[in-house]
Amino acid sequence: MAKALKKLFGGIDLTWPRLIAAAVIAGAFTAAMAIIPAVHYTSFHAITVTMEVWILFGIVIIMNSRSNMDAALKSFVFFLISQPLVYLIQVPFSRLGWGLFGYYRYWFVWTVLCLPMGFVGYYMKKGKWWGYLILLPMILLTGYSYSGYFSDFLFSSPRYLLICLFCVAAMILYPVAIFEDRRIKTAGAAVGCAVAAVLTVLCLLRPPVYSTEIMGNGDEYTFDDSYSAYLADSRYGDVDIRYLDSIQDYMVHADFRRSGETVLTLESPDGEKTEYALTIERDRYTVTKR
């Protein structure tokens, strides 16, 4: 493993043709993960929305560059090719069409920032202790992604396990792979472990809840606060009927705690029951009358 890490973070002959080919492959793969419905709400979809895998790409480019300017230009060109390609490939498959490029503005800002980040990041190759301070923001960004995906994992286990493990491994192994000084390796790995541990505890103390209104009075059924609402399996969360002043009507409110499929039941005061098949995801749901 040590040899593989050393090869990845400094042993690659990163020519311009190889860099361009890698950018095209990365862009095409990311677009595929965005298009294929089967990988949505899984670890493989993470590369389409968050930065942790792209941070790895950037660090690998920097560590295999020959100078500050080489690192800056190669990082910039890699993202300048790969990111627009992600959206371009998706255009024929998206209802937004060319409007999909409206989301590219966010990534274009990061693409431009690759110039100073690549230039400064090259100093990590000097092997000094302050090189870890250059790396630290990338560790923290990866930690930010980890906290989100670990929360998703708690909600949708075992989905998102792979991306959680990737983030933890990245935070710990980046300093181990990049630096030669054992003190920097040890301190960096310890910081990565500490960040992962703290974020894990915080997520466990605040488990994810998806709160939403899932059905309104008059949506195929009439009800008020004399009715009761409940799920067949309480592990998925809680539901109740509430009156919302904003719409001056009754809604079925849900606090979901895990993804999956269950049955929602509305029961009238005289005991008449109406059942709905309910499918829950991290940020969406579907309700179908049975």
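Residues numbered from 1 in each chain as written. Predicted model: local features only at pLDDT ≥ 70, side-chain atom pairs only at ≥ 80, totals over all residues. Heavy atoms only, no water.

Engineer: Can you walk me through the nonpolar core in this structure?
Structural biologist: The tendency in soluble globular proteins is for nonpolar side chains to be buried as a group. Membership of the largest hydrophobic core comes to 55 residues, with the highest contact counts inside it found for Phe9, Ile59, Phe78, Leu135, Tyr174 and Ile178. For this core, the secondary structure elements donating two or more residues are helix 2 (16-35), helix 3 (52-63), helix 4 (68-90), helix 5 (104-121), helix 6 (130-156), helix 7 (161-178) and helix 8 (182-205). Of the residues forming this core, the biggest block, nine residues, is contributed by helix 3. Contact partners of isoleucine 178, with chain neighbours within four places excluded, come to Phe9, Ile59, Met63, Met124 and Leu135. One finds Ile214, Ile241, Val252 and Phe256 within the second-largest nonpolar core, a separate group that totals 20 residues. (Core = buried A, V, L, I, M, F, W, Y, C linked by side-chain atoms within 4.5 Å. Buried < 20%, exposed > 50% of the residue type's maximum accessible area, 1.4 Å probe, protein only. Helix = DSSP H or I, 4+ residues; strand = E, 2+ residues; numbered from the N terminus. Contact = heavy atoms within 4.5 Å.)

Engineer: Help me out: how do you make sense of the packing of helix 7 against helix 8 in this one?
Structural biologist: For any two helices packed against each other, one specifies the inter-axial angle together with the distance between the axes. As a packed pair, helix 7 and helix 8 sit with axes 7 Å apart at the nearest point and diverge in direction by 165 degrees. With respect to their mutual orientation, helix 7 and helix 8 come out roughly antiparallel. The chirality of how helix 7 crosses helix 8 is right-handed. Counting all contacts with helix 7, which are made through Val168, Met171, Ile172, Pro175 and Val176, the residues of helix 8 involved are Ile184, Lys185, Gly188, Ala189, Gly192, Cys193, Val195 and Ala196. Partitioned by chemical class, the residues of the contact of helix 7 with helix 8 number 10 nonpolar, two polar and one charged. (Axes fitted to C-alpha atoms, helices over the stretch in contact; angles between N-to-C directions. Parallel < 35°, antiparallel > 145°, perpendicular 65-115°, else oblique. Left-handed = near helix turned anticlockwise from the far one by under 90°. Nonpolar A, V, L, I, M, F, W, Y, C, P; charged D, E, K, R; others polar.)

Engineer: Honestly, the state of the cysteines in this entry has me stumped. Any pointers?
Structural biologist: In a disulfide, the sulfur atoms of two cysteines are covalently bonded to one another. One pass over the structure, following the stated rule, counts zero disulfides. Among the cysteines around cysteine 164, which has no disulfide bond, cysteine 167 carries the closest sulfur, lying 6.7 Å off. Free of any disulfide, cysteine 203 has its nearest neighbouring cysteine sulfur in cysteine 164, separated by 8.5 Å. (Disulfide = S-S within 2.5 Å.)

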